[in-house]
Amino acid sequence: MSDITAFVAGLPKAEIHVHHVGSASPRIVADLANRHPDGAVPTDPQALVDYFTFRDFAHFIEVYLSVVDLVRTPDDVRLLTYEVARDMAKQNIRYAELTVTPYSSVHRGIDPVDFMAAIEDARIGAESELGVALRWCFDIPGEAGIPAAESTLELATRYRPDGLVSFGLGGPEIGVPRPQFKPYFERAVAEGLRSVPHAGESTGPETIWDSLRDLRAERIGHGTSAVADPRLLEHLAENEIALEVCPTSNLATRVVATIDEHPLRRMVDAGVTVTINSDDPPMFGTDLSSEYVIAAGLLDLDVFGVAELAKNAVTASFASAQVKKRLIGEIDDYTRRWHRENETAAHPAQ
């Protein structure tokens with residue numbers, strides 16, 4: 001194990017771009033598939049490896065929705081949410097803003113009150129029992145259009161759970177123009193929610209501009225194509241609008257051809273704040289720790305550089321000032337201790 005890999009394994013981390021259903025590990029998906037064997041998803045965890053091999057972004061969406069279809073009852077929701085937090089705890093993830101698509105579950109028949117109770121029960125349990133603080137981003141599934149936007153806004157405002165902090169937009173970007181969702185984001189922001197749409201993942205920089213102008217984006221999900229527009233990079237840097245970067249996801253969905261071609265370094269060189277995230281980790285055969293190791297390689301970082309990258313996620317999060325201070329303190333304490341212990345090992349007293 002390299003020094004960076006070992007360092008990252010114990011590093012306290014925050015994650016701000018990770019999907020609820022997309023975080024279900026093979027064991028969780030297999031459990032749900034066995035509960036609902038009439039679905040298209042394999043019940044064998046090993047078979048899920050092949051099932052989660054994507055031809056392109058459209059195929060990824062198709063597979064993703066087949067897993068969404070397995071979440072049919074409040075108990076399924078609670079199981080999924082708590083077990084995702086359990087997997088996060090194993091990686092020393094202390095805080096996560098989980099992107100949840102309540103429209104998908106309510107549209108499939110789960111009562112909104114029961115849905116909110118299930119995720120909140122899991123959130124409370126995760127924090128007290130696992131040490132993982134979960135917060136929610138309710139996102140519109142873009143492929144479902146305006147009806148989904150109306151429903152998601154109602155769910156976010158009328159049934160607002162205590163852990164809800166932001167309002168997002170996911171799903172495919174091609175054929176789903178961002179400006180049509182302007183009224184819904186305006187109302188969500190007026191209700192105190194923060195704006196975090198996906199943009200510029202499978203489309204060009206104009207989608208990011210649309211999200212900034214029309215959706216009042218405070219962070220951008222992915223933003224991979226931002227590097228094609230120097231003026232956009234300058235705007236993001238000057239206004240401290242962070243990008244939620246997910247390297248392996250971009251490779252798995254064919255947004256980038258190879259990991260070495262990922263634009264992460266160009267983003268950083270332009271002065272843009274970047275955060276490292278896993279998106280839909282089990283589906284992409286990764287986890288947050290692996291993404292940090294990849295990012296460290298792309299950016300040629302030592303442990304101190306990786307720690308600064310970890311603090312970016314905390315700073316760009318919507319955690320309270322108290323939680324941010326605590327998490328940054330944990331990262332700094334861990335990094336100092338790691339450095340001291342490894343210096344001692346490398347240069348023992350004579």
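As the structure is a computational prediction, the values presented were derived from the model and not from experiment.

Q: Sorry, what's going on with the sheet that holds strand 6 (residues 219-222) here?
A: Each strand in a sheet pairs with another by means of backbone hydrogen bonds, the pair being arranged parallel or else antiparallel. Here we have eight strands laid out as an open sheet, ordered 1-2-3-4-5-6-7-8, and parallel in their pairing. Strands with a single pairing partner mark the edges of an open sheet, and in this sheet they are strand 1 (13-19) and strand 8 (274-276). Looking at each pair of strands side by side, their axes are set apart by 25° on average, direction ignored.

Q: Explain helix 11 (residues 230-238) here, please?
A: Count 3.6 residues to each turn of an α-helix, and residues three or four apart come out pointing the same way. Taken residue by residue, helix 11 has Leu-232, Leu-233 and Leu-236 as its buried positions. All buried residues of helix 11 project into a common sector of 100° when viewed along the axis, lining one side. Across from the buried face of helix 11, at angles greater than 90 degrees, the exposed residues are Pro-230, Arg-231 and Glu-238. Where helix 11 is buried, its residues contact helix 10 (205-214) and strand 7 (242-245). Residue Asp-229 occupies the N-cap position of helix 11, its side-chain oxygen lying 3.0 Å from the main-chain nitrogen of Arg-231. Glu-240 occupies a position one or two residues after helix 11 and carries a positive phi of about 50°.

Q: Can you help me understand helix 10 in this one?
A: With eight of 10 residues buried, helix 10 lies mostly within the body of the structure. Looking only at helix 10, the buried set comprises Pro-205, Thr-207, Ile-208, Trp-209, Asp-210, Ser-211, Leu-212 and Asp-214. Where helix 10 terminates, the next one or two residues include Arg-216, which has phi positive at roughly 55°.

Reading guide: rules and limits
- Residues numbered from 1 in each chain as written.
- Predicted model: local features only at pLDDT ≥ 70, side-chain atom pairs only at ≥ 80, totals over all residues.
- Heavy atoms only, no water.
- Pairing = 2+ DSSP bridges.
- Helix = DSSP H or I, 4+ residues; strand = E, 2+ residues; numbered from the N terminus.
- Axes fitted to C-alpha atoms, helices over the stretch in contact; angles between N-to-C directions.
- Buried < 20%, exposed > 50% of the residue type's maximum accessible area, 1.4 Å probe, protein only.
- Arc of directions from axis to C-beta.
- Contact = heavy atoms within 4.5 Å.
- Polar contact = N/O pair within 3.5 Å; in protein donor to acceptor, adjacent residues only side chain to side chain.

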